[in-house]
Amino acid sequence: MTEPSTGATDSRVIASFHLIRYAGVDAMRHMAFDRPALRRTRGLSFWRLLGTGRGRSMSLGADLRRWALFAVWDGEPALEEFLARSPVARRWRAEAEESWHVRLAPLGSRGRWGGRDPFAAAVAAPSAGDGPVAVLTRASIRPSRLVPFYRSVPGVDRELRGQDGCLASVGVGEWPLARQATFSLWQDEAAMTRFAYRAAAHRTVIGRVRGEDWYAEELFARFVPYASRGTWDGRDPLRARGGE
């Protein structure tokens, strides 16, 4: 995928996801130092700095060299300004061993994150058609449900690794253990739907989530990933799809 061709007057709400790998584990300090800069960023309506897991989904293991930012912007100009002038983006360029950035047009969402609907002002994009889809699932897990939740993760993780049509995925989180999320890329809507509703372990977990009230809060959002740059584990999964 290439950089967007939208003009400077495009004020549609968009989102972005940035996955940054540093050379050393001391990158954890950026979780604290980046917050003031992000709070001052114009046009940034919602953001979360996120740690990442070692696997493709939520897990107990953390990769202390790899961190992520999920952000919602008032429009393309706000994101362009951030990438060009923010000290956060400047440090990514200077210090990142590897980075991957994707722009996301919201397709639809349900739920809340920290008591907010990050996409309340968004106008849903047209259907993704037969193109790729990005999915963000996020949950605040009740303390009394942490044990069954993490016992369920390995089975879902195995299904995800072997799932046809899953281009890439990463487990991310705000807090250790209790506030977890997954960002995933799918070849198309059909591939995403097959995993969501036909994968046995995933279907079982979803049933338990509802029946046993595992989550205090959750969010599910879908996007069209319309422009990407950089590499994720050595490649851009959106450029590599379908043998491109």
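Here the structure is shown first, and the text comes after it.
Peer 1: How would you sum up the overall build of the protein? Please name residues and give values.
Peer 2: Helix and strand content of the protein: 7 helices and 8 strands. The buried share of the protein, reckoned over its 244 residues, is 51%. In the protein, 79% of the contacts between residues at least 6 apart in sequence involve partners at least 24 apart.

Peer 1: Now, about helix α2 (residues 76-85): what can you tell me, with residues and values included?
Peer 2: Residues of α2 that are buried include every one of E76, A78, L79, F82 and L83, and no others. Each buried residue of α2 sits inside an arc of 165 degrees when the element is viewed along its axis, so together they form one side. The exposed residues of α2 that point more than 90 degrees off its buried face are A84 and R85. Its buried side turned inward, α2 meets β1 (14-21), α1 (30-39), β3 (62-73), α3 (87-95), β4 (98-111) and β8 (215-230).

Peer 1: An account of the packing of aromatic side chains is requested, with residue identities and associated values reported.
Peer 2: Applying the stated criterion to the full structure yields 12 aromatic pairs. On the numbers, 5.9 Å between centres and 15 degrees between planes, the contact of F70 with W113 is stacked. In this pair, F70 sits in strand β3 while W113 sits in the loop between β4 and β5 (133-141), placing the two residues 43 residues apart along the sequence. Since its relative accessible area comes to 0%, W113 is described here as buried. Considering the side-chain rings of F119 and F223, the 5.5 Å spacing of their centres and the 65 degrees angle between planes classify their relative orientation as edge-to-face. Placement of the pair is F119 in the loop between β4 and β5 and F223 in strand β8, with a sequence separation of 104 residues. F223 carries the same exposure label as F119, and that label is buried. Three or more aromatic residues joined by ring pairs form one cluster here, namely F46, F70, W113, F119 and F223.

Peer 1: Can you lay out the pattern of salt bridges for me, pointing to particular residues and giving the numbers?
Peer 2: Scanning the entire structure with this criterion turns up 17 salt bridges. In this structure, the salt-bridge partner of R239 is D236, at a minimum N-O distance of 3.4 Å. Overall, the relative accessible area of 5% leaves D236 in the buried class. A cluster of three or more residues bridged by salt bridges with shared partners is formed by R48, R138, E174 and E217.

Peer 1: Break down a nonpolar patch on the surface for me, citing the residues and quoting the values.
Peer 2: Residues V25, M28 and L64 make up a contiguous nonpolar surface patch of roughly 260 Å² in combined accessible area. Accessibility expressed as a relative area gives 35% for L64, which makes it partly exposed.

What counts, and where the lines are drawn
Residues numbered from 1 in each chain as written. Predicted model: local features only at pLDDT ≥ 70, side-chain atom pairs only at ≥ 80, totals over all residues. Heavy atoms only, no water. Helix = DSSP H or I, 4+ residues; strand = E, 2+ residues; numbered from the N terminus. Buried < 20%, exposed > 50% of the residue type's maximum accessible area, 1.4 Å probe, protein only. Contact = heavy atoms within 4.5 Å. Arc of directions from axis to C-beta. Phe/Tyr/Trp six-rings, centres within 6.5 Å; stacked < 30°, edge-to-face > 60°. Salt bridge = Lys/Arg side-chain N within 4 Å of Asp/Glu carboxyl O. Patch = residues over 30% accessible without salt bridge, like charges linked within 9 Å, V, L, I, M, F, W, Y side chains within 5 Å. Areas by Shrake-Rupley, 256 points an atom, 1.4 Å probe, with all protein chains shown as cover.

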